[in-house]
Every structure is written in structure tokens, then in C-alpha cells.
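# Chains, contacts and geometry: an overview
Spelled out, the chains give:
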Amino acid sequence: MRNDFFKSIWRLAALGIVAALLNGCGIMSWFKSSPSPKTPPPISKGQNKVSFSTQWQARLYGLWPVNPYQGTEIAHSAHQIVVANASGHLVSMNESGSQQWMRSLDDKSARGATIAHGVVYAGTNAGKVFAFDAKNGHKLWSVQLSSEVLTPVVYADDHLLMQTVNGHLWALNPKDGKIQWTFSMNQPSLILRAVSTPTVHNGVVYAGFADGTLTALSLSTGAELWHARVAIAHGSNELARMVDVAARPIVADDQVFAAAYQGNLAAYTEQGGTQNWSVPMSVYLTPVWFKGHLYVADSDGVISEIDPGSGSILWKNAKLKGHAMTGLSSCGNDLLATDNGGYLYAFNPESGHRIGQTRLSSSGIQSSPVCLDNNQILALSDAGTLYRIKLEKR
């Protein structure tokens, strides 16, 4: 009888937790944690064409949890690197990895910082946005928004853009943080907590939302120009119906490319938003536009090249299927990817073959690889180690 009593208590507690999450903005990682880190298979014989060498590594203070749906952004300029950690510290380093200054944000930030025109901007989970002098870290201003900031701050033509967890897109004045305009969409009851970073092109803001919508807005006024459905929610429960547009929209070849989790990869006309094509694909990482080609990593770890004109798959590499990919980018002539096992990979963008890999850390990599000059790469580990890597041909 006593065992039955305790079992009943546990059932009620579990149901209470689920109900609480479903009634608010739930955290996807609670329901579906990322796959356990995996060791990648060996590179095919004769395909090992690149090598990686560590130039330096810097151990940083604070918490750095890997979340494949919400990776940390590494901000960089000509002579500065800035990261913001999950314990609420903003860290500035020089190009050699030596710390210049560190500031407390008073709140946590897991999305990183932005450097623009000598100012560092960062948002926090308490809904604050900060501006600091990039040279010395002196606080210039801070402003309180309505809820948690989920995207890096985007600087575009005297506007600062960011999205918050309650479905609002904000435009602030870079000089003082005053609100210029806002735009909002209704939020589903459960979201991925990985909102797409806004993209600005020719005076238009392209933003994705948790309900599967892509919206085009006037940068100057926030007026909606058009919207399109990248994905429509299906399924019998809230988890199955999650269709967040988590990947950042890409604008190229007079088209806007957008992708949704448990939804589609689709292309729309830049003017008017007419859909050109749509392919069923679950995506949370931002695709890569590289030398006129479109590359995408789906939520299962499969990496593909997509024909931007038709949506046809030109090649597909499923060797890393089941890996939780945490980043996709390009550097030099190669395609790069990272995963939660701590690996950095290189692919031939023409064939899709894996041509190099190295394990940077026994913990995961929580950032997309950042390409610098001369095939130098920045990557940040779950342990809080920032790596500067040199990619070289064998």
C-alpha cells in the first residue's frame, strides 16, 4: 500500500510538471534532449584532404552549456573577440585570446554578443539589452524589454533588432536603446526556444516565428510587407506540432530561404513572398549560402546540398546521421560543421565527402564555426574553452 502511495505521488508530480510546461513556453530540451555524443565513423579512404592545428585556446570563466537549438554566437571584429556566457558574463579578448575586459550583465545570456561601430550589444534572459564601449567595456546604456531575449542583437542602418520569447520583434535606437517599433506574432503553447535571428536586406527585415511563419517587414517602420507559412503544425500533441522557424532566413539570388523545425525548407520571392518551392525537412541550424550554392544540415545530422532554383537535393551525406549538429558554416573552399561530441568537420562542398575532422574537446561544441582570415576558425566548447584553429590542405 505504501509503495502504491508513493507511485501515485510521483505520477501527480510528473503530470504537474508537464501541465506547467504545456501551459507556458516550454523548454524543448526537457522533452527531447539532444542525442548522446557519438564517435564519427572513419573518413573514407583517400578522402582525408585537410588537417586542423590549434593556434591557441583560452579557458573562459562561467557556464557554457551545449544546446543544439540555441548555440552561442561568437562576435568578432578585426582585433576583438567577444562572447557572452550562460552565467551572465560578457568577455572581450584580443585576437591572441588574451582577456581585455569582462563585465557582468546581471542576468544570463546564452546567445552571445554583437560588435558594431565600436559598441558591444547583448541581450539577456531577463529581457534586458545592454550596450558597452567595445574598447574598455564601459556601460553605455541598458533597456528593459517585455521578456527573454532569444536572439543575438542585429545592427542594421541605425536600428538594433532582436526577438523575445513572447513572440515580439523589437527595433531599438543604437544610441540610447529607445524603442523605435515592435512587431508581434501569436506564440504556440510550446516552443523550441530557438528563434531565428532577423536578417536585413535592402531595407527589409526577414524574421521567422515559432508558429512556422516567415514575415517581411519594413526596416524603417516595422510595417508588414508580406508573410508566408514555412510549416503548418500537424500532430496530436504539442510536441509534434512544434514548427519553429529557428534557422535564420537567407536572402540570395532574389529569393528568401527559410526553414522550420519539423516542417519545410522553402524558397520565396524577395518581392511579394510567392513560394517558389518547398521541401519537407526538419531544420534548426541556419543553412549556408556558399559560392552560389545552398547547404543545409537537418535535425537528424544529415547534410545536403540543395539546388536553390528548384529545391532538388544535389547530394546528401548521412554519415553523421544521429549526431546532434551544433553548427554549420564555410571557410576557404570548405564546408564546416560541429557537433555535441566536440568534433569539428570539413566537407567538400562539391561532392559532400567528409574530408577532415578533429575532436577539439571531450565536451560538445556549442557554436557554429566562425571563419577568420587565412582559414583561421573560432569554435567554443561546452567546457568554456575558445579555440582558434588553422585549416590547411594536406
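This write-up is about the structure you can find in this document. (Residues numbered from 1 in each chain as written. Predicted model: local features only at pLDDT ≥ 70, side-chain atom pairs only at ≥ 80, totals over all residues. Heavy atoms only, no water.)

### Quick word on the pattern of salt bridges
Note the following rule: We define a salt bridge as a contact between a side-chain nitrogen of Lys or Arg and a carboxyl oxygen of Asp or Glu at a distance within 4 Å. In DSSP terms, a helix is any run of H or I states spanning at least four residues, a strand is any run of E spanning at least two, and both are numbered starting from the N terminus.
Under the defined criterion, the tally for this structure stands at one salt bridge. Across the pair Asp334 and Lys393 runs a salt bridge, and its minimum N-O distance is 3.0 Å. In this pair, Asp334 is assigned in strand β27 (residues 334-339) and Lys393 in strand β32 (residues 385-393), connecting sequence segments 59 residues apart.

### Examining the nonpolar core
Operational definition: The term nonpolar core refers to a set of buried residues drawn from Ala, Val, Leu, Ile, Met, Phe, Trp, Tyr and Cys, joined through side-chain atoms within 4.5 Å. We call a residue buried when its accessible area falls under 20% of the maximum for its residue type, exposed when it is over 50%, and partly exposed in between, using a 1.4 Å probe and counting protein chains only. Only heavy atoms enter the contact rule, under which two residues are in contact if any of them lie within 4.5 Å.
Judged by nonpolar contacts, the single largest core of 18 residues is most densely connected at Ile303, Met325, Leu328, Leu335, Ala337, Tyr345 and Phe347. Sorting the residues of this core by element identifies β22 (288-290), β23 (293-297), β26 (325-331), β27 and β28 (343-347) as the ones contributing at least two each. With three residues, β28 is the single largest residue contributor to this core. Setting aside its immediate chain neighbours within four residues, Ile303 contacts Val296, Ala297, Trp315, Lys316, Asn317, Met325, Leu328, Leu335, Ala337 and Phe347. In this structure, Leu214, Trp226, Val251 and Ala266 belong to the second largest nonpolar core, which totals 16 residues.

### Focus on the sheet that holds strand β12 (residues 168-172)
So the rule is basically this: Should DSSP find at least two bridges between two strands, the strands are regarded as paired.
In spatial order, the strands read β10-β11-β12-β13; together these four strands make up an open sheet with antiparallel pairing. A single partner strand is all that each edge strand has here, and the edge strands are β10 (154-155) and β13 (179-184). With two bridges connecting them, β10 and strand β11 (residues 160-163) associate as antiparallel partners. Across the sheet, Tyr155 pairs through a bridge with Leu160, a residue of β11.

### A few points about the sheet that holds strand β4 (residues 89-93)
Rule in force here: Helix axes are fitted only over the stretch in contact, all axes being lines through C-alpha atoms; the angle between N-to-C directions runs from 0 to 180 degrees.
An order of β2-β3-β4-β5 is seen for the four strands of this open sheet, with the pairing classed as antiparallel. In this open sheet, the two strands that pair with only one neighbour each are β2 (75-77) and β5 (99-104). For this sheet, the mean angle separating the axes of adjacent strands, direction not counted, is 15°. As defined by bridge partners, β2 adjoins strand β3 (residues 80-84) across three bridges and the pair is classed as antiparallel. Across the sheet, residue Ala75 finds its bridge partner in β3, namely Val82.

### As for unusual backbone geometry
Positioned with a positive phi, His117 is a non-glycine residue whose angle comes to about 55°. Tracing the sequence through the fold places His117 in the loop between β6 (113-116) and β7 (119-123). For His117, a relative accessible area of 68% puts it in the exposed group. Even without glycine at this site, Asp157 takes up a positive phi of about 50°. Here Asp157 is to be found in the loop between β10 and β11. On the basis of relative accessibility, which here comes to 58%, the residue Asp157 falls in the exposed class.

### Describing the state of the cysteines
Rules: Two cysteine sulfurs form a disulfide in these notes if their separation is within 2.5 Å.
This structure, assessed with the given rule, holds one disulfide. Residue Cys331 pairs covalently with Cys371 via a disulfide, S to S 2.1 Å. Measuring the twist about the S-S bond at about 60°, one finds the Cys331-Cys371 disulfide to be right-handed. With Cys331 in strand β26 and Cys371 in strand β30 (residues 370-371), this pair connects stretches of sequence that are 40 residues apart.

### Comments concerning the pairing of strand β24 (residues 303-306)
Both faces of β24 are covered, namely the face carrying Ile303 and Glu305 and the face carrying Ser304 and Ile306. Alignment of β23 against β24, held across four bridges, turns out to be antiparallel. For Ala297, the partnering residue across the bridge sits in β24 and is Ile303. In textbook terms, the turn of a hairpin is the stretch between consecutive antiparallel strands, and for β23 and β24 this stretch comprises five residues, one of which, Gly301, has a positive phi near 90°. Two elements, β24 and strand β25 (residues 313-317), share four bridges in a ladder whose sense is antiparallel. By the bridge assignment for β25, Ile303 is matched with Asn317. Taking the residues that link successive antiparallel strands as the turn, the β24-β25 hairpin has six residues, and the phi of Gly311 there is positive, at about 85°.

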